[in-house]
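# Understanding the architecture of this molecule
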There are 2 protein chains.
Amino acid sequence: VILAGGSGTRLWPASRRARPKQFLALGDRPGESLLAATVRRARGAATGDVCAVTAAAQADLARTGVPGLEVIAEPVGRNTAAALGLAAVHLLARDPDAVMGALPADQHVGDEAAFAVAIERAFQAAAQADVICTIGIEPSYGATGFGYLEVGDAVESGIRDLYQVKRFVEKPDAATAEGYVTSGRYLWNSGMFFCKARRLVDDIRRLMPGTGAALDEIAAALASGGAVAADAVAARVYPSLPSVSIDHGVMEKTSGVVCVRGELGWDDVGSWAALPAVRGADADGNTVLGDAIVVDGTGNVVAADPDRVVVLVGVSDLVVIQSGDAVLVVPRERAQDVRLAVDALAARGQGRFL
Amino acid sequence: VILAGGSGTRLWPASRRARPKQFLALGDRPGESLLAATVRRARGAATGDVCAVTAAAQADLARTGVPGLEVIAEPVGRNTAAALGLAAVHLLARDPDAVMGALPADQHVGDEAAFAVAIERAFQAAAQADVICTIGIEPSYGATGFGYLEVGDAVESGIRDLYQVKRFVEKPDAATAEGYVTSGRYLWNSGMFFCKARRLVDDIRRLMPGTGAALDEIAAALASGGAVAADAVAARVYPSLPSVSIDHGVMEKTSGVVCVRGELGWDDVGSWAALPAVRGADADGNTVLGDAIVVDGTGNVVAADPDRVVVLVGVSDLVVIQSGDAVLVVPRERAQDVRLAVDALAARGQGRFL
């Protein structure tokens with residue numbers, strides 16, 4: 001199940017309300033969207049079916065962008081707990097023993113073979129026992145933009161690199177992050193996880209009763225009236241659901257969470273600062289998408305639409321993005337603060353640029 | 001005579017080959033072009049006629065941009081010595097005793113009353129004696145982007161603030177410029193000057209004989225066949241003329257140069273760094289043309305076309321210009337280096353952006 005419902009304001013101005021980041025051509029291959037790259041990797045790694053969950057407004061974008069992709073459309077976005085609960089209900093209607101894996105659509109994976117192996121192990125772990133298995137990434141630096149997992153003992157299961165997860169940790173400050181890396185006991189939380197669909201719905205029922213009740217209604221409609229009936233119920237019950245992430249709503253509160261440790265060349269394409277990891281840099285150390293020239297500068301991330309040009313002279317470590325009717329300039333180290341720009345535009349009544 | 005033939009690559013990407021900087025709306029009043037502002041000030045200050053010299057390709061832009069402006073069109077641009085020689089020849093055909101004043105089209109004047117007084121004194125000086133009178137600006141800081149005049153003794157003429165000019169000095173380095181300012185003996189070379197038209201043509205004949213001969217041919221055609229005949233001769237002789245500035249070709253080599261000292265709130269709108277002096281800055285210290293937002297930054301110069309937006313987050317003292325199909329980012333202190341961008345575009349075969 002590909003989670004493709006995000007809005008991705010941190011990739012503004014390339015990402016817009018009408019074209020969220022998972023549809024941007026920021027995949028690992030030229031011209032490939034993040035969603036298409038994620039689907040490609042999932043199809044290559046897993047033996048089961050691949051589908052995506054996205055908001056109804058973007059369902060057509062997803063279907064046309066990735067031929068043959070099954071799309072489960074939410075009437076409105078309510079964050080990842082509801083999205084995965086809805087996907088689980090749909091899977092259970094086909095197979096009461098379904099094992100599901102959830103993959104965010106906005107990730108970069110540098111080592112696809114290692115990725116496939118980790119996926120395989122996680123599916124095995126989820127099929128063998130009543131656990132939720134996530135994938136923990138060996139941290140290569142003290143990232144402050146990711147959450148972390150504190151790992152415990154190895155799990156005796158015959159599956160390699162499988163560990164207990166003691167707790168989920170929010171994005172740390174820089175000093176804490178450095179401590180995590182040197183301790184060897186913390187991994188990046190990749191946001192991928194694997195479990196029996198039944199287990200997930202049970203956890204949601206227990207920990208998020210309102211959402212659980214809504215899912216039960218949708219499941220009943222699915223059993224009695226099929227997809228059309230289920231969509232009608234969803235349209236009615238979804239708007240009042242809380243917007244809660246699967247991490248906050250379930251993972252941090254449930255028990256029996258394990259993880260596969262892996263080094264996947266993984267990165268969360270959550271902000272422009274991640275682009276060099278995805279696309280690499282040229283001989284001058286600049287990462288350039290489109291027609292851009294950097295004179296006497298290094299470490300810049302630059303993007304320009306076709307038939308446009310962006311020119312940088314004498315600046316370094318800047319993000320400069322030209323997309324459509326907007327231009328963004330922000331230091332790489334503050335790339336997360338794009339949301340300040342988005343907030344400022346909204347506050348000034350300039351939502352037409354969002 | 002307004003010198004309106006420049007190309008102004010240092011104001012790229014707003015200035016383009018097809019729309020040089022004098023036609024940009026960077027005048028002192030909103031929506032006013034630099035050329036229109038210069039013509040307005042000239043008409044307000046001088047009692048005589050106002051005309052402009054520009055390349056034939058831009059003559060229509062000049063005429064439509066400034067209603068009622070007489071335009072002397074050069075077949076091709078050959079820098080300011082030829083342009084002013086051509087203007088002088090045209091003025092002499094009407095009045096052998098014509099006194100002319102030359103004003104670059106790309107200047108900002110903050111104190112228009114002081115400007116009018118300085119113009120009046122310079123015309124007086126040029127009418128009274130066989131001198132070339134320039135206007136020297138009291139330097140307010142050690143600018144490295146301007147040439148300087150070394151002034152000598154006051155001239156006993158009944159005209160206030162009139163001084164001998166001992167020599168012209170090229171753009172200095174920062175330390176030299178500071179020394180100039182503290183010495184009190186150096187003034188910024190404003191590029192404005194005033195003399196009898198006959199004197200200018202004589203100087204060009206003596207110091208630039210090839211150009212002088214061409215001007216004589218044009219003058220003869222003007223006397224015998226009028227403007228049409230003169231234009232035909234100009235079209236034939238102009239392409240082979242050297243491209244030399246009036247400073248290098250005449251002013252640095254001739255004698256009898258004087259200057260009116262003035263404090264005019266003057267600035268050469270030669271690069272984006274000059275824009276704050278022309279347009280001022282907002283409460284956050286940013287100079288913004290068009291729809292731009294600066295979050296957490298100061299000292300920036302930002303421009304955006306209508307219906308576009310430029311957003312800066314966490315950067316200061318940057319020039320960020322969106323114009324048409326191009327975006328430029330350069331530190332304010334390196335604004336002169338826009339020409340490096342222009343050169344890079346030309347070298348890469350991307351002249352379509354110039």
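Structural data are supplied above this passage.
This next bit is on the overall build of chain A. Each helix and strand in chain A was counted, giving ten helices and 17 strands. Taking 20 Å as the expected radius of gyration for a compact globule of 354 residues, we find that chain A reaches 21 Å, a close match to that expectation. Per-residue burial for chain A yields a buried fraction of 55% across its 354 residues. If you take every contact in chain A between residues at least 6 apart in sequence, the share linking residues at least 24 apart comes to 62%. Entry remark: accessible area of chain A is about 14000 Å², with carbon and sulfur atoms responsible for 50%. Treating the 33 positive side-chain charges of chain A as one cloud and the 42 negative ones as another, the clouds have centres 4 Å apart.

Turning our eyes to something else, we now look at the packing of helix α3 (residues 79-94) of chain B against helix α7 (residues 209-237) of chain B. Residues and elements named next belong to chain B. The geometry of α3 relative to α7 is characterised by a closest axis approach of 10 Å and an angle of 30 degrees between their N-to-C directions. With respect to their mutual orientation, α3 and α7 come out roughly parallel. In this structure, the crossing between α3 and α7 has a hand that is right-handed. Contacts from A82, G85, L86, V89, H90 and A93 of α3 reach α7 at T211, L215, I218, A219 and L222. Of the residues that constitute the contact of α3 with α7, the class distribution is eight nonpolar, three polar and no charged.

Right, let's get into the pattern of salt bridges. This structure, assessed with the given rule, holds 42 salt bridges over all chains. One salt bridge in this structure joins B:E32 and B:R40, with 2.7 Å as the shortest N-O distance.

Residues and elements named next belong to chain A. With an omega dihedral of 5 degrees, the bond running from W12 to P13 counts as a cis peptide bond. Among the structural elements, P13 can be located in the loop between β1 (2-3) and α1 (34-45). Of note in the backbone geometry, N79 takes a positive phi value of approximately 70 degrees without being a glycine. For N79, a relative accessible area of 35% translates into the label partly exposed.

Below, the discussion takes up the interface of chain A and chain B. Often, the extent of an interface is quoted as the loss of accessible area upon association of its parts. Every contact between the two is made by 36 residues of chain A and, on the other side, 35 residues of chain B. Taken together, both faces of the contact between chain A and chain B bury some 2700 Å²; the carbon and sulfur share is 63%. The interface formed by chain A and chain B holds six salt bridges in total. The shortest N-O distance in the salt bridge between A:D291 and B:R352 comes to 3.5 Å. Linking chain A with chain B are 18 residue pairs in polar contact (both at pLDDT 80 or more), by the criterion used here.

Residues and elements named next belong to chain B. Scanning the entire structure with this criterion turns up 14 aromatic pairs over all chains. Plain terms: the ring middles of Y141 and W188 are 5.2 Å apart, the flat faces sit at 75 degrees to each other, and that makes the pair edge-to-face. Placement of Y141 in the loop between β6 (132-137) and β7 (148-154) and of W188 in strand β9 (residues 186-196) is noted, with a sequence separation of 47 residues between them. Exposure remark for W188: the relative accessible area of 2% places this residue in the buried category.

Overlay of chain A on chain B (RMSD 0.1 Å): rotation 179 degrees, translation along the axis 0.1 Å. Such a combination of turn and shift is consistent with a two-fold rotation axis.

Here the focus is the sheet that holds strand β16 (residues 318-323) of chain B. By way of backbone hydrogen bonds, the strands of a sheet pair with one another, either parallel or antiparallel. Read across the sheet, six strands follow the order β13(A)-β15(A)-β17(B)-β16(B)-β14(B)-β12(B) without closing on themselves; strand pairing throughout is mixed. Each edge of the open sheet carries a strand with a single partner, namely β13 (292-295) of chain A together with β12 (287-289) of chain B. Neighbouring strand axes in the sheet, compared pairwise and without regard to direction, differ in orientation by 10 degrees on average. Note that β16(B) and strand β17 (residues 326-331) of chain B share six bridges and pair antiparallel. Counted as the bridge partner of B:I321 is B:L328 from β17(B).

Turning our eyes to something else, we now look at the state of the cysteines. A full pass over the atoms with the stated rule returns zero disulfides over all chains. In this structure A:C195 is a free cysteine whose sulfur lies 9.8 Å from that of A:C133, the closest cysteine sulfur available. Overall, the relative accessible area of 1% leaves A:C195 in the buried class. For B:C133, which is in no disulfide, the shortest distance to another cysteine sulfur is to B:C259 and amounts to 6.9 Å. Taking the relative accessible area as the measure of exposure, B:C133 reaches 0% and is therefore buried.

Take helix α7 (residues 209-237) of chain A next. All names here are of chain A. For α7, built from 29 residues, the straight-helix expectation of 42 Å at 1.5 Å per residue is missed by more than 12%, its first-to-last C-alpha distance being only 13 Å. The sharpest bend along α7 reaches about 145 degrees and sits at G225. Those residues of α7 that fall on the buried side of the exposure criterion are T211, G212, A214, L215, I218, A221, L222, A230, V233, A234 and V237.

Take the sheet that holds strand β14 (residues 301-303) of chain A next. Pairing is mixed across the open sheet formed by six strands, whose spatial order is β12(A)-β14(A)-β16(A)-β17(A)-β15(B)-β13(B). Two strands lie at the open edges of the sheet, namely β12 (287-289) of chain A together with β13 (292-295) of chain B, each paired on one side alone. With strand direction ignored, the average angle separating the axes of adjacent strands in the sheet is 10 degrees. Where strand β17 (residues 326-331) of chain A meets strand β15 (residues 309-313) of chain B, four bridges bridge the pair, whose relative direction is parallel. Within β15(B), the residue paired with A:L328 across the bridge is B:V311. Where helix α10 (residues 338-347) of chain A meets the sheet, it contacts β17 of chain A together with β13 and β15 of chain B, and its direction lies at approximately 135 degrees from that of β15(B).

Reading the values: rules and limits
Residues numbered from 1 in each chain as written. Chains lettered and ligands numbered in written order. Predicted model: local features only at pLDDT ≥ 70, side-chain atom pairs only at ≥ 80, totals over all residues. Heavy atoms only, no water. Helix = DSSP H or I, 4+ residues; strand = E, 2+ residues; numbered from the N terminus. Rg over C-alpha atoms; globule rule 2.2 N^0.38 Å. Buried < 20%, exposed > 50% of the residue type's maximum accessible area, 1.4 Å probe, protein only. Contact = heavy atoms within 4.5 Å. Areas by Shrake-Rupley, 256 points an atom, 1.4 Å probe, with all protein chains shown as cover. Lys, Arg positive; Asp, Glu negative; His and termini not counted. Charge placed at Lys NZ, Arg CZ, Asp CG, Glu CD. Axes fitted to C-alpha atoms, helices over the stretch in contact; angles between N-to-C directions. Parallel < 35°, antiparallel > 145°, perpendicular 65-115°, else oblique. Left-handed = near helix turned anticlockwise from the far one by under 90°. Nonpolar A, V, L, I, M, F, W, Y, C, P; charged D, E, K, R; others polar. Salt bridge = Lys/Arg side-chain N within 4 Å of Asp/Glu carboxyl O. Buried area = accessible area lost by both parts, 1.4 Å probe. Polar contact = N/O pair within 3.5 Å; in protein donor to acceptor, adjacent residues only side chain to side chain. Phe/Tyr/Trp six-rings, centres within 6.5 Å; stacked < 30°, edge-to-face > 60°. Least-squares fit on C-alpha atoms with pLDDT ≥ 70 in both. Pairing = 2+ DSSP bridges. Disulfide = S-S within 2.5 Å. Expected span 1.5 Å × (residues − 1). Bend = angle between axes of the 7 residues up to and from the residue.

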